[in-house]
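Below are the chains, spelled out letter by letter.
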Amino acid sequence: MAPGPERVIVPQPANRDPGNFKIGSLGTFRVMSRSRVRFGLAVLLAAVLMPMGTAQNSVGEGSADQSSALPSPGQTNAQTAPGRKKLLPAADYRRVEALSALQISRDGRWVSAVSTPVEGDGQLYIKNSDDPKSYVIPNGSGLQFADSSEFATYLIAPPKAVADRLRAERKPVTNRLGIRRLLTGEERQIEGVEQVNLLRGTTVALLRRSRPPEEREARQDFTLIDLRSGDTLTLGNVANIAWNDSEGQIALHIKANNGEEGVQIFDVKSRALRTLTWGKESIAQLRFARKAPVVAWLAGTPNAAKDGNAYRIAAARLRPAADQPAFVTYVPAADEKFPKGYRISDAGNLALNDAGTIAIAGISAWNDKPKPLRPDETANVEIWNSRDLEIVPQQKVRYPRNATRTETIRWKLGDPTVTRITQPGREFAVPMDQFEKFVVIDPRPYESSVSNGWRYHDLVLVDGATGDRKVILAKTHWTPEPSPTGRYAAQFHAKHWHLIDVRTGNLRTLTDKLRPTFEDLEDDHLSPERPPAAGVTWFAEDAAMILSDGYDLFRAKPTDSTPPVALTQQRKFGLVHRVLDVRSDPEGLRADQPQLIAQLDDNTKASGALRLDPDGKITPLVSEHAQIGNFRLARDTDRVLFTMGRFDQSPSVYVTNLAFSAAKPIVKSNAWLSEFHWGKSELVTYRSRWGKPLQGVLIYPANYDPARRYPMITYIYERLSDSLHSFIRPIPWSAYNEQVWSQNGYFVFKPDIAYRDSQPGQDAVDCLEPAVQAVIDRKLAIDPERVGLIGHSWGGYQTAFVTTVSKRFRVGVAGAPLTELTSMYNLVYWNSGTPNGEIFETSQGRFAKPFWEMPEKYFANSPVWQAHRRTAPLLMAFGDADGAVDYRQGVMFYNTLRRMGKQCVMLVYPGENHGLARRPNQQDYANRVRHFLDVHLKGERAEAWVTDGQPYRPIVTAPPAGGS
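Residues numbered from 1 in each chain as written. Predicted model: local features only at pLDDT ≥ 70, side-chain atom pairs only at ≥ 80, totals over all residues. Heavy atoms only, no water.

Draft legend 1. Expanded view of the sheet that holds strand 37 (residues 545-548). Strand order across the open sheet formed by four strands is 36-37-38-39, with antiparallel pairing between neighbours. The strands lining the two open edges of the sheet, one partner per strand, are strand 36 (537-538) and strand 39 (565-566). By the bridge criterion, four bridges tie strand 37 to strand 38 (residues 553-556) in an arrangement that is antiparallel. What sits directly across from Met545, in strand 38, is Ala556. (Pairing = 2+ DSSP bridges. Helix = DSSP H or I, 4+ residues; strand = E, 2+ residues; numbered from the N terminus.)

Draft legend 2. Representation of the environment of Asp415 within the structure. Position of Asp415 among the secondary structure elements: in the loop between strand 26 (407-412) and strand 27 (419-420). A relative accessible area of 33% means that Asp415 is categorised as partly exposed. Put simply, Asp415 and Val328 are 87 residues apart on the chain and 8.9 Å apart in space, counted from C-alpha to C-alpha. (Buried < 20%, exposed > 50% of the residue type's maximum accessible area, 1.4 Å probe, protein only.)

Draft legend 3. Highlighting the pattern of salt bridges. Across all of its chains, the model carries 61 salt bridges by this definition. The shortest N-O distance in the salt bridge between Asp636 and Arg106 comes to 2.9 Å. Pair noted here: Asp636 is in the loop between strand 44 (627-633) and strand 45 (640-646) and Arg106 is in the loop between strand 4 (97-104) and strand 5 (110-117), with a separation of 530 residues, a long-range link. Across the pair Asp549 and Arg571 runs a salt bridge whose closest N-O atoms are separated by 3.2 Å. Of the two residues, Asp549 is situated in the loop between strand 37 and strand 38 and Arg571 in the loop between strand 39 and strand 40 (575-580); the sequence distance between them amounts to 22 residues. Among the residues examined, Asp549 registers a relative accessible area of 3% and is labelled buried. Through salt bridges with shared partners, a single ionic network connects Glu522, Asp524, Lys692, Glu718, Arg719 and Arg846. (Salt bridge = Lys/Arg side-chain N within 4 Å of Asp/Glu carboxyl O.)

Draft legend 4. Representation of the packing of aromatic side chains within the structure. Scanning the entire structure with this criterion turns up 37 aromatic pairs. When the ring of Phe851 is compared with that of Tyr858, the centres are 6.3 Å apart and the planes differ by 80°; the resulting orientation is edge-to-face. A network of ring pairs unites the aromatic residues Tyr825, Phe840, Phe847, Phe851, Trp852 and Tyr858 as a single cluster. Here the guanidinium or amino end of Arg846 rests over the ring plane of Tyr755, the centre of that ring lying 3.9 Å away. (Phe/Tyr/Trp six-rings, centres within 6.5 Å; stacked < 30°, edge-to-face > 60°. Lys NZ or Arg CZ within 6 Å of the ring centre and 35° of its normal.)

Draft legend 5. Geometry of the pairing of strand 57 (residues 904-909). Within strand 57, five of the six residues are buried, leaving the element largely enclosed by the surrounding structure. Examined bridge by bridge, strand 56 (residues 874-879) and strand 57 share six bridges and lie parallel to one another. Looking at the pairing, Met876 lines up with Met906 of strand 57. Each parallel crossover has a hand, and for strand 56 linked through helix 10 (residues 888-900) to strand 57 it is right-handed. (Right-handed = clockwise from strand over helix to strand, strands pointing away.)

Have a look at this one:
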């Protein structure tokens, strides 16, 4: 290996504000009153990462100058006297940055994040958690810390302006690799790198080099680089690659210029490269065993009359460099039991068990090569038969997957025969117990073209050695969640969790003695069953499993027949808990280590964390009226990285210990926003007309003055109250941006909507009218005569319906709304190809029966059929290629309102789907939405397109750069 010709850069660390940073008192663990709103702890990382001064001592060593806690929940980003603040100029919206890709090194000493502005170039920040040392990498991304925490690697993209120019000139846009020695700051850069992977347990990085697009699929160049010495070794003509971290070996699929292919093994420690196979056979599906020096691949030869290669399975157990590998192979043609007319397919998934003793692969029918047909002599017809299990549009969308569908076989390495695991049809195999057993999902007994969209299947236990089959659970809907070893699987069925032991074939109920149900009780779809309240969390080596009833956590041991033990008992207080997988351990969560539990108060939306010790003890750590989350736990220490923010407080990053006794601010985001007015958010509680307790988020105008009167925009979908503490960036081209509305002098209200049986439109009315009244009753400076309603898709439907039948709202803006439900029922969800009837009966539509059994319900909840009641002006928008809501739904409503002489404007964006993709269209729609609302809620003078329309004119565009 020889060092490459890359340059070395030694920058000065960016040390800003080296003084200690005082923060507030530790948030206490609080038990709040009960709430009935679902868990939604999702940290909004909308921030700019700015290094701040931090205490000089290590985390956990608290000092008199350093508060060991979090900022007070009352603290905001205000640092300027109120009288001197101003509204955020629209031109500055693009500056507000979002935080992503937060990481912490194994020793907890380094953290990193990428900050990206609404528009422009982002930056990668690397910060030392013990001292002020930090590094800023413009356009950096994809950071990885080496296991030793000595190095970090990342990719560096060209500036956006440069990248845009290169694309316009049809030139390649390539990245550089940065390698940073963290303590000294020394950086090495390597040109032309697309991807980098650090090999676990080493200081070696594997780089994928940039190649022209026409060569990228066939073969690529890889470079191995030792981060310490800088030595490099380039591996060329690589078509595929696999590596085994535990053995320090890399398998390479090589394609030579003369058409020959082979498999080579590179040993990272010895730097030895050896060839396992070479020749004319095609190589596919290169795989390594996870815990053994065994590599496998498919080797294929073509057949002139057949479509696709005839593949065999080859495998090699690698031995020390001085010894030859032990080879084994499976050849279907030599196995009389191999299914006739089938082949091993390169579209299937070749996999090895951990020990490298058993492989699974996919087989498919081996069809004759299709005869070429002349288009002018061939009929172009689609045959739609009412007995199709999938309608033709769905078949077209799924054709790539259906055409490559395979069945599963199992091969014990060295055996002359294989075991067929799945049967022809739509069976799907879940490998269990290191491929000794399989749980097969078999939907065939319940498949029918007469369907409301709800699917059932049997769970079939298949013996990997014999192929013997046993139904262990019939007619279930949910799929199993295998344990880490595959010995067990958790299965949700009939409102409860069950445990499958695949070795014995036994199935037992786990939770029936704990609660009447473990369903998500807030799910109000009219499907035959509710989903589970939460998934299962498994610990490594099947040591334990954590179950949730939606609020409390229960720990069970698969080997213990006693009922699961309650870890938390706070359901009655409305406190929701989830185990967090935040330690980057490839083996998963370990039962002998402390774990973090996220907590959300459903009533107040306060969030925080608890610690679960191996003995089951729960220790409260922190709870604040803020959005706390994005936890990352250092793998080798007890250091924890997390973020905290609110609607009026851009998130900041902290490092603490597992006791949360020494929380330390590392970065503060968007500090410059303290110069500007910013709104605040409050939680509003109300009840639907049928008594359902609900909540909504009320956002104040950024420069709120109680002496003024403000209009209010009500933005809806279904449940939005969990966004109370979300920091929202103002995005100029977003038509539904709460922060832009707040900055432009609007109250914004985001109420929750619940549903009953078969009246989704009226249910929205019966939730929204009391919701808005609850806000009006707060006696704020809101003009009750200037309230608008806006939503998109399902929210657009609710907007179109509610503003048609209700007098509460002065104006409506509906993006892609459903308007006539019987016709919509009979159309297709073109993006997926599925019949819309399924959506109405078992999903969002919430109708108990098809339209012909209750037409009056469909008519009563259709905006078109209620259009005669409409008085409020409406703005609709569609893309005419909308694959979710057929844009002719808009045409129907437009024509109906036009015929009735009622005010309506419909915007149609040619070629756009359910959401606008082109930036000019996004900006146009956002501008028109804001103007339409300003006209009807603020009394601004209307542009001609609002009052009189705008004549059609074709768009004339300039030729592309360099074109004629």
